[in-house]
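Here is what each chain is made of, one letter per residue.
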Amino acid sequence: MKKTIDFTKHSSIKIGPQTEVSVIQDKTYPKDHYMLGQCNNVLIGPQHPPLMVLGKEFDYIKVENGLLCVGAATPGGKLLSFCKKHDIRHFELLPKLPGNLGGMIKMNAGLKEFEIFNHLHSITTENGELLKKDIPHGYRWTDFEGIVFEAKFEIHKGFNEAHLEMFKKMRDNQPIDPSAGSCFKNPEGDSAGRLIQEAGLKGHRIGGMAFSEKHANFLVNLDKGTFEEAIELIQLAQKSVYEKFDVWLENEVIVVDERYKGKESPLLQTRTF
Ligand SMILES: Cc1cc2nc3c(=O)[nH]c(=O)nc-3n(C[C@H](O)[C@H](O)[C@H](O)COP(=O)(O)OP(=O)(O)OC[C@H]3O[C@@H](n4cnc5c(N)ncnc54)[C@H](O)[C@@H]3O)c2cc1C
């Protein structure tokens, strides 16, 4: 099955083509296609590969053998409501992580030391079940082959309202303009926002895109910003921060465009997909 998506409306950064995507309804999929979740962490360029999303068959939550089994197309908000209703803890961070479960797993999304992998038991891909201990992962990265169709979590009782409030407050400083969340990962022991600000780029604008006045590590779409403007700002920040601090900022936002796949020159590299 196929459907047409307008990524200027569908993606959180409001950039991208209007194009047909394949909807995957079972565990077979075209290997040359790129999987998207809710598009809260991607910047899709004009030269994107063929795209796919998971169908509603993968939007479910059930409890089996004492584990919480969640389909990868399940939105975070739905999972949070389920956990609240069934008094399950450790998912209180979800209101601040827009996306589907598959995207969260792939990114190991989280806030400070709270990450989606913390209470993960296993994931299911087309290659079968993979236990957490066998999946290399860390701050905003994971390394596994294939597509996530389901994730299983340990169940710990006691939904924590205080944690829910704490997570809400943690992100009070986030801009409300369209963005893909943090543009760069924080380098060890430092903050990407601080480095961008010190490099003089907080609020810096090219066309419709800018590094937010509110938080420099948010690349925001202020007025019909384009892919090219976003890339220009990303590369400007990488180059400026590198020249000033000898630190290479690694993209957190994933650039989905063939031109930026596998680039090796550090001053051109964005992030391979
Ligand atoms: C305002 C805002 C605030 C944010 N704050 C945070 C934050 O505090 N912490 C944080 O960690 N993130 C944050 N993000 C980023 C985003 O919430 C997470 O990265 C989220 O996990 C993305 O989910 P998604 O469904 O939108 O994935 P997408 O953006 O669609 O995809 C992200 C990646 O996941 C892959 N992917 C998607 N589905 C699958 C699947 N089924 N199998 C394999 N790979 C898959 C894609 O190929 C891509 O590489 C923020 C984003 C926004 C817009």
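Residues numbered from 1 in each chain as written. Predicted model: local features only at pLDDT ≥ 70, side-chain atom pairs only at ≥ 80, totals over all residues. Heavy atoms only, no water.

(A) Summary view of the sheet that holds strand β11 (residues 128-131). Strand order across the open sheet formed by five strands is β6-β7-β14-β10-β11, with antiparallel pairing between neighbours. Looking along the sheet, the strands with just one partner apiece sit at the ends: β6 (61-64) and β11. When strand polarity is set aside, the average angle formed by the axes of neighbouring strands in this sheet is 25°. Note: strand β10 (residues 120-125) against β11, four bridges, orientation antiparallel. (Pairing = 2+ DSSP bridges. Helix = DSSP H or I, 4+ residues; strand = E, 2+ residues; numbered from the N terminus. Axes fitted to C-alpha atoms, helices over the stretch in contact; angles between N-to-C directions.)

(B) Region of interest: the sheet that holds strand β16 (residues 209-211). Sheet architecture is open: three strands sit in the order β15-β16-β17, paired in antiparallel fashion. In the strand order of this sheet, the two ends are held by β15 (205-206) and β17 (219-221), each with one partner. Relative to β17, β16 runs antiparallel, the two sharing three bridges. From the neighbouring strand, A210 faces β17, where its bridge partner is V220. Sheet strands in contact with helix α6 (residues 227-245) are β15, β16 and β17, and its direction is about 25° off that of β16. (Contact = heavy atoms within 4.5 Å.)

(C) Here's a closer look at the site of the ligand. The environment of the ligand is made up of 34 residues, and the closest members are M35, G37, P98, G110 and R171. Within the backbone of N40, an N or O atom sits 2.8 Å from an oxygen atom of the ligand. Here N100 contributes a backbone N or O atom positioned 2.9 Å from an oxygen atom of the ligand. For the ligand, whose unbound accessible area comes to 980 Å², protein coverage reaches 94%. Elements with a contribution of two residues or more to the shell around the ligand: β3 (34-36), α3 (101-107) and β8 (110-111). No other element matches α3, which puts five residues into the shell around the ligand. (Near = heavy atom within 4 Å. Polar contact = N/O pair within 3.5 Å; in protein donor to acceptor, adjacent residues only side chain to side chain. Areas by Shrake-Rupley, 256 points an atom, 1.4 Å probe, with all protein chains shown as cover.)

(D) Spotlight on the side chain of K185. Take K185: it is sitting in the loop between α4 (161-170) and α5 (192-198). On the accessibility criterion, K185 (9% relative accessible area) is buried. Here the side chain of K185 touches R140 through a polar contact of 3.3 Å, landing on its backbone oxygen. (Buried < 20%, exposed > 50% of the residue type's maximum accessible area, 1.4 Å probe, protein only.)

(E) Looking closely at the pattern of salt bridges. What the rule picks out here adds up to 13 salt bridges. Of the charged contacts, one joins E161 and K84 as a salt bridge, the two residues approaching to 3.7 Å between their closest N and O atoms. Of this pair, E161 sits in helix α4 while K84 sits in helix α2 (residues 76-85), and the two are 77 residues apart along the sequence. Take K84: its relative accessible area is 43%, and that puts it in the partly exposed class. E165 serves as the salt-bridge partner of K168, at 3.8 Å between the closest nitrogen and oxygen. Separated by three residues within a single helix, K168 and E165 lie in helix α4, roughly one turn from each other. Judged by relative accessible area, K168 falls into the partly exposed class, the value being 34%. For E165, a relative accessible area of 37% translates into the label partly exposed. If you follow the salt bridges from partner to partner, you end up with E129, E150 and K152 in one network. (Salt bridge = Lys/Arg side-chain N within 4 Å of Asp/Glu carboxyl O.)

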